[in-house]
Amino acid sequence: MKLSCQLNIYLCRLVRCVRCPVAYHATDLCMAAGSVILSNNSIICPNHFTPRRGVKNHEHVNVSWCFVCTEGGSLLCCESCPAAFHRECLNIEMPKGSWYCNDCKAGKKPRYKDILWVKVGRYRWWPAEVSHPKTIPENIQRMRHDVGEFPVHFFGSNDYLWTYQARVFPYMDVDANSKEKMGKGVDATYKKALEEAAVRFRELQAEKELRQLQEDRKNDRKPPPYKHIKVNRPIGKVQIFTADLSEIPRCNCKATDESPCGNDSECINRMLLYECHPQVCPAGERCLNQAFTKRQYSQVEIFRTLSRGWGLRCVHDIKKGQFVSEYVGEVIDEEECRSRIRHAQENDICNFYMLTLDKDRIIDAGPKGNEARFMNHSCQPNCETQKWTVSGDTRVGLFALVDVAAGTELTFNYNLECLGNGKTVCKCGAPNCSGFLGVRPKQNNPPSEDKGRKLKRRGHGRRKKKVVVTKEREDECFSCGDGGQMVSCKRPGCPKVYHADCLNLTKRPAGRWECPWHQCDICGKEAASFCEMCPSSYCCQHRDGLLFISKLDGKLSCSEHDPCGPEPLEPGEIRDEKNTV
């Protein structure tokens, strides 16, 4: 039997789908939104949704950007949800036939109280919360809906809509922290919706984390088992190097110095990230640059975090630059590393503890390691990794970037050094969070004072015109208004994208392709005037009588979209020839 429930918080009875092997715990926290309850132990799950022909909100829509790098282009689109990816970002071969994203293959479904981005018609993606059918107004309950459809409550507008999985995707921490959507040109309703969604998302996260924490304490859960080791252990053909005493560098510190080879000293070895050897250093037993050898670790404890599994926190205050711990584990080569990652993927193991030591060796603290293996990632960390040379071999240490107060979680930026994580969603919650592990954090905007100084340095030059910032690429096809896999115009400054089918193209155009909006519909010459609602465009000779300035909004439009015309079409709408006289 396939159990699709992911929370597994409560030990309670299961409800099973009468049409397939799917089962959920009989709670609103576990059951997928859109399930139809038949009895106390039977349901029809959302997998049996059948879109009705002709209903626009039943059409499957994909985003026009990659979920990993957020860029457009040729995308691999999931056939069950709006997710889209570049094949290169997923590092996979182009699949044959239907393709589904990892979440859909794992059976993940929207649940009640989830915050989602929802697509309605030609409107932009809008944040909304999944509502339980029992809590929505009666007139919304009476609206026709099928198995798999669930009601969502839109932020900002307070409207309701019945939708399903193929027109929604999850709201994430990075969306709550993003300020880009709040720039100039955003209407007040949408701005309000973004603010409400961010607040509500954090409230629900806090509730979920508190439930998880209470359950963990109740069950007295312990960290996953591993073998504790004190030094790196080589595996297979990997070697641990040891230098002769004559090869170990000697510093100029003296035993009579106040803090020989200490943090505040001018020890040349410390500056070059070399650890002094007790038999070579002139300071002898007073040398303070032997933290790796003497294992002078900061006192830490393993604890259960609210949203990121197990973590590590300090028991006492740690000063900036202080040695926290060495990252210890099994030292393996690249071949063994690939083998372990492949084994983990085949057995649905999601946690990796691999860190690059040098070009030929990797530290894997998964099966064996020390407490440092529990240190979580953060895009704004309080610790960093440093590679030191100790007795001729490379070792990895964790050092404090800032003063850390007792009880604070210790974190470092995994960057691209940690292997096996792929494109995992980042949950660090930092203001500059990149959204994914292995992706560079966002640059913090300069303070307003610095901006003011930059403006003053420019002097009293010519006053520049106000620049209107537009999107580099639109999200929907300019012809039909839907999303999906697009071809984009390469003309500088043109943000328009189209479905290849809408332009009657049999394959994606190569080279410097310009969209038909720039050529006259009649003669094909350079267009001078354009309809702002569709790709219709004309040169100076043919525009008379074909384009009109609307008396309502002043926009230039063709006869089909002229709002003052007898039967104007909506943007992207195509007139049905069967109904025309």
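Residues numbered from 1 in each chain as written. Predicted model: local features only at pLDDT ≥ 70, side-chain atom pairs only at ≥ 80, totals over all residues. Heavy atoms only, no water.

1. Quick look at the nonpolar core
Among soluble globular proteins, nonpolar side chains are generally buried collectively. Heads up, the rule is: Among the buried residues, those of types Ala, Val, Leu, Ile, Met, Phe, Trp, Tyr and Cys that are joined through side-chain atoms within 4.5 Å form a nonpolar core. The buried label goes to any residue with under 20% of its type's maximum accessible area, the exposed label to any with over 50%, and the partly exposed label to all in between, with areas taken from a 1.4 Å probe on protein chains only. Each helix corresponds to a stretch of at least 4 residues labelled H or I by DSSP, and each strand to a stretch of at least 2 residues labelled E; elements are numbered beginning at the N terminus. The contact criterion used is simple: two residues touch if any of their non-hydrogen atoms lie within 4.5 Å.
Counting residues in hydrophobic clusters, the biggest one holds 40 residues, and the most contacted among them are Cys-101, Val-118 and Val-152. Among the elements of the structure, β5 (76–77), β6 (84–85), β7 (115–118), β8 (126–130), β9 (150–154), β11 (168–170) and α5 (188–219) are those that each provide at least two residues to this core. At 7 residues, the largest contribution of residues to this core is made by α5. With sequence-adjacent residues up to four places away left out, Val-152 is seen in contact with Val-118, Ala-128, Glu-129, Val-130, Ser-131, Asp-159, Tyr-160, Leu-161 and Thr-163.

2. Things to note about the packing of aromatic side chains
Rule in force here: Side-chain rings of Phe, Tyr and Trp (the six-membered ring for Trp) are treated as a pair once their centres are within 6.5 Å; stacked means planes under 30 degrees apart, edge-to-face means over 60, and tilted covers the remaining angles.
For the structure shown, the criterion picks out 17 aromatic pairs. Between Phe-67 and Phe-85, the ring centres sit 5.7 Å apart and the planes meet at 70 degrees, which makes this aromatic pair edge-to-face. Here the residue Phe-67 occupies a position in the loop between β4 (42–44) and β5, and Phe-85 occupies one in strand β6, the gap between them amounting to 18 residues. Every member of this aromatic cluster is reached through a ring pair, and the members are Trp-65, Phe-67, Phe-85, Trp-99, Trp-125 and Phe-169.

3. Description of the sheet that holds strand β2 (residues 23–25)
Applied cut-off: Only strands joined by at least two bridges in the DSSP assignment are considered to pair.
Pairing is mixed across the open sheet formed by 4 strands, whose spatial order is β2-β1-β4-β3. The sheet is open, and its two edges are formed by β2 and β3 (36–37), each paired on a single side. Of the strand pairs in this sheet, β3 and β4 are connected by 2 bridges, and their pairing is antiparallel. Pairing of Ile-37 across the sheet is with Ile-43, part of β4.

4. Let's talk about the sheet that holds β8
As a reminder of what qualifies: Lines fitted to C-alpha atoms define the axes here, with helix axes fitted over just the stretch in contact, and angles between the N-to-C directions of these axes take values from 0 to 180 degrees.
Strand order in this open sheet of 5 strands is β10-β9-β8-β7-β11, and the pairing throughout is antiparallel. The open sheet is flanked by β10 (160–163) and β11, the only strands paired with a single partner. The sheet shows a mean angle of 45 degrees between the axes of neighbouring strands, taken without regard to direction. By the bridge criterion, 3 bridges tie β8 to β9 in an arrangement that is antiparallel. Directly across from Glu-129, in β9, lies its bridge partner His-153.

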